[in-house]
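Residue-level structure breakdown
The primary structure of each chain is shown beneath.
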Amino acid sequence: MIDCDVHNNWSSADVLLPYLPAAFREYMERGELPGGRGSFPAAHRPWLHPEDFKRTDATPPGGGAAGSDHAFMCEQLLDRYSIDHAILNGEEAIEVSTLANPYYAQALASAYNDWVQDEWLARDERLLASLVVAPQDPAGAAAEIRRLGGHPRFAQVLVSSGSQRPYGDPFYHPIWDACAEVGLPLAVHLGGNAGVNSMPTGCGPPTFFWEAHALLCETGMGHVASAIAHGVFERWAGARLVLVECGIAWLPAILWRLDEDYRALRKETPWLRRLPSEYAHDHIRLTTQPLELPRNPAALWPSLDDIGGRDMLMFASDYPHWDFDDPVFVRVPPEWREQVMDGNARTLYALPQPVGAHDERR
Amino acid sequence: MTSGADSGRRHVVCAAAELAPGERRIVEVGGRSIGVFNVHGRFYALHNGCPHKGGALCAGRIGGTVVPTGGRSFVYGREGEILRCSRHGWEFEIATGRALADPRVRARTYPVSVEDGRVVVTV
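From a predicted model like this one, the values you see are computed outputs, not experimental measurements.

Helix and strand counts for chain A come out as 13 helices and eight strands. Expected size for 362 residues packed as a compact globule is a radius of gyration near 21 Å; at 20 Å, chain A falls within 12% of this value. When its C-alpha atoms are laid out on the principal axes, chain A stretches across 55 × 50 × 40 Å. Taken across its 362 residues, chain A has 48% of its residues classed as buried. Residue pairs at least 24 apart in sequence account for 81% of intrachain contacts in chain A once pairs closer than 6 positions are excluded.

Next up on the list: the interface of chain A and chain B. With nine residues of chain A at the contact, the number on the chain B side is eleven residues. Along the lines of polarity and charge, the residues of the side of chain A that touches chain B split into three nonpolar, one polar and five charged.

All names here are of chain A. Read across the sheet, eight strands follow the order S1-S2-S3-S4-S5-S6-S7-S8 without closing on themselves; strand pairing throughout is parallel. Looking along the sheet, the strands with just one partner apiece sit at the ends: strand S1 (2-6) and strand S8 (313-314). In this sheet, strand S2 (residues 85-88) lies alongside S1 in parallel orientation, the contact comprising three bridges. Pairing of Val-6 across the sheet is with Leu-88, part of S2. Running at roughly 175° to strand S6 (residues 241-244), helix H7 (residues 217-229) makes contact with strand S5 (186-189), S6 and strand S7 (284-287) of the sheet.

Take the confidence of the model for chain B next. Residue and element names in this part refer to chain B. Confidence along chain B averages 92 in pLDDT terms, with 94% of residues attaining 70 or more. Taken together, the stretch residues 1-6 has pLDDT below 50 and engages in seven contacts with residues farther than four places along the chain or on a different chain. As a predicted assembly, this complex carries a pTM of 0.91 together with an ipTM value of 0.76.

Residues and elements named next belong to chain A. Structurally, the position occupied by Ser-160 is in strand S4 (residues 154-160). Taking the C-alpha atoms as reference, Ser-160 lies 8.8 Å from Ala-134; in sequence the two are 26 residues apart. Here Ser-160 is in contact with Ile-94, Glu-95, Ser-97, His-189, Gly-191 and Gly-192, once residues within four sequence places are set aside.

To continue, consider H7 of chain A. Residue and element names in this part refer to chain A. Spanning 13 residues, H7 covers 19 Å between terminal C-alpha atoms, matching the ideal 18 Å at 1.5 Å per step. Judged by how many residues are buried, H7 sits mostly within the fold: eleven of 13 residues are covered. Those residues of H7 that sit buried are Cys-217, Thr-219, Gly-220, Met-221, Gly-222, His-223, Val-224, Ala-225, Ala-227, Ile-228 and Ala-229.

Calculation notes
Residues numbered from 1 in each chain as written. Chains lettered and ligands numbered in written order. Predicted model: local features only at pLDDT ≥ 70, side-chain atom pairs only at ≥ 80, totals over all residues. Helix = DSSP H or I, 4+ residues; strand = E, 2+ residues; numbered from the N terminus. Rg over C-alpha atoms; globule rule 2.2 N^0.38 Å. Buried ≥ 20, exposed ≤ 12 C-beta atoms within 10 Å, placed from the backbone. Contact = placed C-beta atoms within 7 Å. Nonpolar A, V, L, I, M, F, W, Y, C, P; charged D, E, K, R; others polar. Pairing = 2+ DSSP bridges. Axes fitted to C-alpha atoms, helices over the stretch in contact; angles between N-to-C directions. pLDDT = per-residue confidence, 0-100. Expected span 1.5 Å × (residues − 1).

In structure tokens, the structure reads:
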């Protein structure tokens, strides 16, 4: 089993200080921080979780923040569910996208990428990390992708779903170019819905945390449409877009709509040669958590099957967050399970087959 | 512990004086994990597996909540009566096991009595 969304945390953002260049270390040491000393410099989304967004049973017994203790992560997640590989997406690092200063943002992302190697990847062979970049600085992001993208334990490049514009926009093409050069997918994780980024819903900001959380999937729709329409998957044939925590139930409806409108207005985007749903099937992957739960759980799957969802979905738990999906309880149809819980991620991230898998298939 | 054919297996949890109002104790009875609670002097027992997705319900925070008002006032009440699952944070009424947001969802409850100063749960 592969868990495609695990949040490794720190108890204080001061862990980044040794990894920051002197010019920006002072910003964190002496400069203004939104949450006081030890907090991470980023703008906060305007919806505050009224109970905190961590599982209360995930606080390590020895203290510290949920997700900050590797041994406890093993006990509650990796060992408990026999997870072969987990993709670490950090906790606050993707929020660098909210900062107006793109250079400070990129320095923080780079510091995180060095810290995650030392503090997490070095501890456990099962762990893979996402390479966090500041998308508001495409040239700086591309340089960071080239700096570390060849490291075998970085599985993908990661940005927040909150953005200044959708990620297919030519503004971001230096990032896609660098991803293609190092052969990594670009992953988009829910977050960054603050600061310089656009509000995630077109009719104005929602009011309450649960209301907003259910709607933030809208950002995923925008990135899917943009990457397809701008021809990212024509220009870089190996490009892969991964949506993390952006929901999955909406995907068939959006692809059906894109296909129909493209058929009529193909002339707007003459660089495209296939239907949007065909690009999506071959180039876009989505993680399952939080898996939508219809009144009849079986109702989720027929529409996903229509667009080839079995090849596109990858299990994620979102440990240690409040909306964690338990791999044992998650309702994936038996005939989808091998691909969704393991195979699709193993192929995307070019991970070796599990020991014994070959024999089992004979 | 005696065992009655009609009432199930009886298990002494602790002396009633050892479980003060607001406190809980999580015990293993017959292979089941059960949370026993003292809410304002009355004792209740809930299955320690959340009916939502199996989290450790009884290890969650005990407190009050914002009560339904039917209007735009926010009234905090029911202090000590509400248990919030440690996994996903669903709220349950300790006395009945019912989920506040959807009373059709219910955590299993067990009868509790105080006999000779001892808290006894029947499973």
